[in-house]
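Close look at the chain arrangement
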Amino acid sequence: MEIAPGIHRIECKFGNKRMVFVHLLIGDQASMLVDTGCAHNPEQEILPYMGSIGFDLRRLTYILISHSDLDHQGGNQPMKDAAPSALLMCHTLDRAWVEDTEALIRGRYSQFERDHQIGYGEEGKAGIRASCLSRPLNLTLEGGESFRLGANWTVEAVHTPGHTWGHLAVYDPRSLTLVAGEAGLWNAILDEAWQPALPPTYCYVDTYLATLDRLMTMDIQTLSAAHWPLQQGPDVGEFLRESRNYCLLVERKLLDLARERDSYSLREAIETLGPQLGRWPTETNQDFSYGMLGNLNRLTQRGLLKAGCGPQDVVRWRLNS
Ligand SMILES: [Zn+2]
């Protein structure tokens, strides 16, 4: 679907009723694909969509990966095979995980195993491996770069950290459209029927809130994010504000829980508060680890909570009083 002149939003399906929107920006001088979905999505949706609008793959100049996650970078190898002359790129800070699936599994998907005994298990990791075909990049970005796609059309890479350190969005000042990826995560990540699929997976709270503040000051008329309906007009601000408020609500709930209990682990926090905070399937509630650990780290840095080691070396938090 063309959501603004030259900007196409392509729905890619994966997993259990999940979907991710990738974007194709077509100018008369250059073209850019933002994200490649999972390993199967280039063949299943992206290349057929390009064919259906008569887009010649030799015209694909750039493949920009918004951030390191299997549903955004998983199709990098097949997409680059299909368009070898396109330059594959992401933010410098996400480079290590975008280039190497094993580094992504170790660094992102296994990060809660040692201190919190929360993980995806070998079966889960085998599924990630199969869905994520990474490859070396051609270049990395810092945010602020502009790309001339046409005689009167330039788009900009915007550094929007929070979900990852190197998250990038793409802003089109001509149509006031932001291809937002997961710069804001609302109060849930949604499935193909717009039902909650999992909790919002912001990770680094201070930088996430700063990103949302920055986006709220930008002139955005259309916000096209990776797992949510298209937002337009006043709904853009609502989406960003809800993302911000929800993150702060989780933080307040974590502080309240510390007042009620002597101490708690990350698992206890997600299992207690997760069902109160959203309607995603029980099996995806463990993905609240990303967001809640971000909030707990921030509460600890602000001196409101303190972290210590409990039984079996699992981290526990308590009020710092
Ligand atoms: Zn995603």
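First, a word on what this report is: a plain description of the structure on this page.

Calculation rules
- Residues numbered from 1 in each chain as written.
- Predicted model: local features only at pLDDT ≥ 70, side-chain atom pairs only at ≥ 80, totals over all residues.
- Heavy atoms only, no water.
- Donors = N, O, S within 2.8 Å, 3.2 Å for Na, K, Ca; no water.
- Tetrahedral: all angles 85-135°; square planar, octahedral: opposite > 155°, others 65-115°.
- Helix = DSSP H or I, 4+ residues; strand = E, 2+ residues; numbered from the N terminus.
- 1 Å grid on protein atoms, 1.4 Å probe; cavity = no way out; pocket = protein on both sides within 12 Å on 5 of 7 lines; lining within 4 Å.
- Points joined across faces, edges and corners; volume = space filled by probe spheres on them.
- Nonpolar A, V, L, I, M, F, W, Y, C, P; charged D, E, K, R; others polar.
- Pairing = 2+ DSSP bridges.
- Buried < 20%, exposed > 50% of the residue type's maximum accessible area, 1.4 Å probe, protein only.
- Polar contact = N/O pair within 3.5 Å; in protein donor to acceptor, adjacent residues only side chain to side chain.
- Contact = heavy atoms within 4.5 Å.
- Axes fitted to C-alpha atoms, helices over the stretch in contact; angles between N-to-C directions.
- Phe/Tyr/Trp six-rings, centres within 6.5 Å; stacked < 30°, edge-to-face > 60°.
- Lys NZ or Arg CZ within 6 Å of the ring centre and 35° of its normal.
- Core = buried A, V, L, I, M, F, W, Y, C linked by side-chain atoms within 4.5 Å.

**Section: the coordination of the zinc ion**
Four donors placed tetrahedrally about a metal ideally form angles of 109.5 degrees, and six donors placed octahedrally ideally form angles of 90 or 180 degrees. At the metal site, the zinc ion is ligated by Asp-71 (OD), His-72 (NE2), Glu-182 (OE) and His-227 (NE2), and these contacts range over 1.9 to 2.3 Å. Seen from the zinc ion, its four donor atoms lie at angles of 83 to 173°, and the figure they make is irregular. Positions of the donor residues of the zinc ion, expressed as sequence spacing, correspond to D-H-x109-E-x44-H. One end of the pair, Asp-71, is in helix α2 (residues 70-73); the other, His-227, is in the loop between β14 (222-225) and β15 (231-232), and 156 residues separate them in sequence.

**A few points about the layout of surface pockets**
Computed from the structure, the largest pocket encloses a volume of approximately 890 Å³. For the largest pocket, the lining is made up of 33 residues, of which Phe-14, Arg-18, Tyr-120, Leu-198 and Asp-287 are closest to its centre. If you list the elements that add at least two residues to the lining of the largest pocket, you get α2, α5 (101-109), α7 (121-131) and β13 (196-198). Counted by class, the lining of the largest pocket contains twelve nonpolar, twelve polar and nine charged residues. Of the volumes computed, that of the second largest pocket is approximately 230 Å³. Surrounding the second largest pocket, 14 residues form its lining, Cys-203, Tyr-204, Val-205, Gly-294 and Asn-297 being those nearest its centre. The set of elements that each furnish at least two residues to the lining of the second largest pocket consists of α8 (205-217) and α11 (288-301). With six residues, α11 is the single largest residue contributor to the lining of the second largest pocket. Its residues assigned to classes, the lining of the second largest pocket shows seven nonpolar, five polar and two charged.

**Looking at the pairing of strand β17 (residues 305-309)**
Bridging between β17 and strand β18 (residues 315-319) involves five bridges; their strand directions are antiparallel. Looking across to β18, one finds that Leu-305 is bridged to Leu-319. Counting the residues between successive antiparallel strands, the hairpin from β17 to β18 contains five residues, one of them, Gln-312, with a positive phi of roughly 55°.

**What to know about unusual backbone geometry**
Of note, Trp-194 is a non-glycine position whose phi angle comes to about 65°, a positive value. Note that Trp-194 resides in the loop between β12 (189-190) and β13. On the basis of relative accessibility, which here comes to 36%, the residue Trp-194 falls in the partly exposed class. Although it is not a glycine, Asp-313 sits at a positive phi angle of roughly 65°. For Asp-313, the location among the structural elements is in the loop between β17 and β18.

**Some remarks on the side chain of Asn-285**
Mapped onto the elements of the fold, Asn-285 is located in the loop between α10 (266-277) and α11. Here Ile-270 takes part through its backbone oxygen, which lies 2.8 Å from a polar atom of the side chain of Asn-285. With residues up to four places along the chain from it excluded, the contact list for Asn-285 reads Pro-199, Ile-270, Glu-271, Gly-274, Pro-275 and Trp-280.

**Overview of the sheet that holds strand β2 (residues 7-14)**
If you trace the seven strands from one edge of the open sheet to the other, you get β1-β2-β3-β4-β5-β6-β7, paired in mixed fashion. The two strands at the open ends of the sheet, each matched to only one other strand, are β1 (2-4) and β7 (139-141). Strand-to-strand twist of the sheet, defined as the mean angle between neighbouring strand axes without regard to direction, takes the value 30°. Both strand β4 (residues 31-34) and strand β5 (residues 62-64) contribute to a ladder of three bridges, which runs parallel. Residue pairing in the sheet places Met-32 in a bridge with Tyr-62 of β5.

**Some points on the packing of aromatic side chains**
In the structure shown here, the tally under the stated rule is eight aromatic pairs. Here Trp-228 and Phe-239 contribute two aromatic rings whose centre-to-centre distance is 5.7 Å and whose plane-to-plane angle is 75°, an arrangement assigned as edge-to-face. Here the residue Trp-228 occupies a position in the loop between β14 and β15, and Phe-239 occupies one in helix α9 (residues 234-260), the gap between them amounting to eleven residues. Of the two residues examined, Trp-228 and Phe-239, each falls in the buried class. In this arrangement the basic side chain of Arg-174 is found over the ring face of Trp-153, its NZ or CZ atom lying 4.0 Å from the centre.

**A word on the nonpolar core**
One finds Leu-60 and Met-292 to be the most contacted residues of the largest nonpolar core, which totals 82 residues. Looking at this core element by element, the count peaks at ten residues for α9. The contact partners of Met-292, leaving out residues within four places of it in the chain, are Val-250, Leu-254, Leu-266, Ala-269, Ile-270, Leu-273, Gly-274 and Leu-277. Judged by nonpolar contacts, the second largest core, of 19 residues, contains Leu-25, Met-32, Leu-64 and Leu-149.

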